[in-house]
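A structural walkthrough
Listed below are the residues making up each chain.
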Amino acid sequence: MTTPENSISALEVAESPDVCVTDNASVKRAVKATMLGNAMEWFDFGVYAYLATTIGKVFFPDASGSAQLLSTFAIFAAAFIVRPLGGLFFGPLGDRIGRKKVLATTIILMAGSTFAIGLIPSYESIGIAAPILLVLLRLLQGFSTGGEYGGASTFVAEYAPDKRRGFFASFLEFGTLAGYVAAAGIVTIIQTVVSAEDLLQWGWRIPFLIAGPLGLIGLYLRLRLEETPAFQMMEQAEERSLADESTGKKLRETLVDNWRPLVLCIVLVATYNIAHYGLLSYMPTYLTNTLGYDESHGLVLMIIVMIVMMMGISYVGKFSDRVGRKPLLLSGFIGFFVLSLPAYLLIGIGNYVTVFLGLAILGGLLLLFVGVFPSVLPALFPTGIRYGGLAIGYNLAVSIFGGTTPLVLTALESATGSNLVAPMYMMIAAVIGGIAVLMIPETARKPLDGSPPSVATDEEARRIIRKVRRKRMKADNLEV
């Protein structure tokens, strides 16, 4: 006997506009390609942060120690200033011509600019031209990165089935942590095996030069991908090529018609990135300059914490598919408000055990964010402007509150003489972030706005198609 579900053919399932069946192999390829690109992005930024003290000596040799550090972090922040420009350019472009082409472009620019930093002559060789070149290449890094995270998270979210979006999207931040771990590991090894003099002469260049081959690998993986099913279905539904629509129109639709999710995205990303950069970028400098740890010991502790976070991130993403995104995010913000100060007090004791315990508390709380945000942020926007909305909102927030966090905390600590500036900063951000979470919709196990339900099997698709047909028949009968 033919069951209702089997009465719908495989061809009808494939061509139905009411549901999208994801191919498991394609989802995994998409996750790998975007994860590697994200890892490379944060490898590049992590290397710069972890070599901040050395870079300050290479490019600002005549300045004092604190001035060197401030100058280095100011250039670190400069890359974030242009990130919104990259988001404004690449985001609407990705909504118009597709996600794949833009992501291939951003990874080329990112790898090339990072590789070039490793080739800049020192201040002693070419004078003021050295820090100028560093600034220019950091600006190019920031511009290309403006299109990276929004595109990568959009790509994974649109490929993943609705019931497992949290799990698959969490691997994007797995790539972030992998990039940081690789950067910290390589920097630690170089600092250990290379003399202080050789580190200043040539050793600092090695991590930057590694970005070249990494970028080529990432480009190869991305070029093998197909465009996301959600984007393809949107093109087919509109019966025209999105290339015929101007980028300006997409930009207006993002900024004017969808201002509310854009504002929520900015607030959430800003508060999350204060915690993110405060721990992963600022903490190694805090351990070295404030607490007096040598650079390698501080990085080893950070590496251990980040590896533990990597081990748990996919479980957090999977758990969010079951219990929802909002409960986990609220728990994270409440935790940062309550535990940031105790964690920093533990770190300030200076004992290896208490330092690690403080770092573990902050890392565990941050894990709730990195495991959930990659599935939360893309779901705030409809498919037609998802790349642009996320790229603009994410990079604007990161530019103002993320990349500036190490600079702000260093400056405030220097001005106040207090070692507790960082936890206070995090606590304020936690309050604002918690309020924003209460205002967003719960999106776990639900279709993306503007896209049909995404499922993993034909059986699930048949159930949805039959449900849609029943609703249509019922509506037709009511009209008659």
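Everything below is about the structure printed above this text.
Treat the numbers as computed from the prediction; the structure is a model and nothing was measured.

It is worth spelling out the overall build of the protein at this point. What the protein contains, in helices and strands, is 24 helices and two strands. Once the C-alpha set of the protein is aligned to its principal axes, its extents read approximately 85 × 45 × 40 Å. Per-residue burial over the protein gives 57% buried out of 480 residues. Of the contacts made within the protein by residues no fewer than 6 positions apart, 87% connect residues no fewer than 24 positions apart. Accessible surface, the protein: about 19000 Å² in total, of which carbon and sulfur atoms supply 66%.

Before going further, it helps to spend a moment on the environment of Phe-155. Inspection of the secondary structure assignment puts Phe-155 in helix H9 (residues 148-159). For Phe-155, a relative accessible area of 0% translates into the label buried. Considering only alpha carbons, one finds Phe-155 and Ile-217, 62 residues apart in sequence, at a separation of 18 Å. Sequence-distant contacts of Phe-155, defined by excluding residues within four places in its chain, comprise Ala-30, Thr-34, Arg-99, Lys-100, Leu-103, Leu-225, Glu-226, Glu-227 and Thr-228.

Turning our eyes to something else, we now look at the pattern of salt bridges. Using the criterion set out here, one finds eight salt bridges in the structure. The salt bridge involving Asp-18 is made with Arg-472; its shortest N-O contact spans 2.7 Å. One end of the pair, Asp-18, is in the loop between helix H1 (10-15) and strand S1 (20-21); the other, Arg-472, is in helix H24 (residues 458-479), with 454 residues separating them in the sequence. The closest approach of N and O atoms between Glu-460 and Lys-163, which form a salt bridge, is 3.5 Å. Placement of Glu-460 in helix H24 and of Lys-163 in the loop between H9 and helix H10 (165-193) is noted, with a sequence separation of 297 residues between them. When its relative accessible area of 15% is taken as the criterion, Glu-460 is described as buried.

What follows deals with the packing of H9 against helix H21 (residues 386-402). As a packed pair, H9 and H21 sit with axes 8 Å apart at the nearest point and diverge in direction by 140°. With respect to H21, the axis of H9 lies oblique. Where H9 crosses over H21, the handedness of that crossing is right-handed. Packed against H9, whose contacting residues are Tyr-149, Gly-150, Gly-151, Ser-153, Thr-154 and Glu-158, the element H21 presents Arg-386, Tyr-387, Leu-390, Ala-391 and Tyr-394 at the interface.

The biggest cluster of nonpolar side chains holds 105 residues, and the ones touching the most others in it are Met-283, Leu-359 and Leu-366. For this core, the element with the highest residue contribution is helix H15 (residues 259-280), accounting for 13 residues. With near-sequence residues (within four places) excluded, Leu-359 lies in contact with Leu-279, Met-283, Leu-287, Leu-301, Met-302, Val-305 and Ile-347. Core analysis: the second largest hydrophobic core is formed by 18 residues, Ala-33, Leu-93, Tyr-159 and Ala-391 among them.

In the Ramachandran plot, Arg-445 falls in the positive-phi region, its phi being about 65° despite a non-glycine side chain. Mapping Arg-445 onto the fold places it in the loop between helix H23 (421-439) and strand S2 (454-455).

We now examine the side chain of Ser-375. Relative to the helices and strands, Ser-375 is located in helix H20 (residues 373-376). Here Ser-375 falls in the buried class, since its relative accessible area comes to 1%. Within the structure, the side chain of Ser-375 is placed 3.5 Å from the side chain of Arg-325, a separation counted as a polar contact. With sequence-adjacent residues up to four places away left out, Ser-375 is seen in contact with Arg-165, Gly-166, Ala-169, Arg-325 and Thr-443.

Another aspect to go through is the environment of Ser-195. With respect to the helices and strands, Ser-195 occurs in the loop between H10 and helix H11 (196-203). Overall, Ser-195 belongs to the partly exposed group, its relative accessible area being 36%. A polar contact of 3.2 Å, which involves the side chain of Ser-195, links it to the backbone nitrogen of Asp-198.

What counts and how
Residues numbered from 1 in each chain as written. Predicted model: local features only at pLDDT ≥ 70, side-chain atom pairs only at ≥ 80, totals over all residues. Heavy atoms only, no water. Helix = DSSP H or I, 4+ residues; strand = E, 2+ residues; numbered from the N terminus. Buried < 20%, exposed > 50% of the residue type's maximum accessible area, 1.4 Å probe, protein only. Contact = heavy atoms within 4.5 Å. Areas by Shrake-Rupley, 256 points an atom, 1.4 Å probe, with all protein chains shown as cover. Salt bridge = Lys/Arg side-chain N within 4 Å of Asp/Glu carboxyl O. Axes fitted to C-alpha atoms, helices over the stretch in contact; angles between N-to-C directions. Parallel < 35°, antiparallel > 145°, perpendicular 65-115°, else oblique. Left-handed = near helix turned anticlockwise from the far one by under 90°. Core = buried A, V, L, I, M, F, W, Y, C linked by side-chain atoms within 4.5 Å. Polar contact = N/O pair within 3.5 Å; in protein donor to acceptor, adjacent residues only side chain to side chain.

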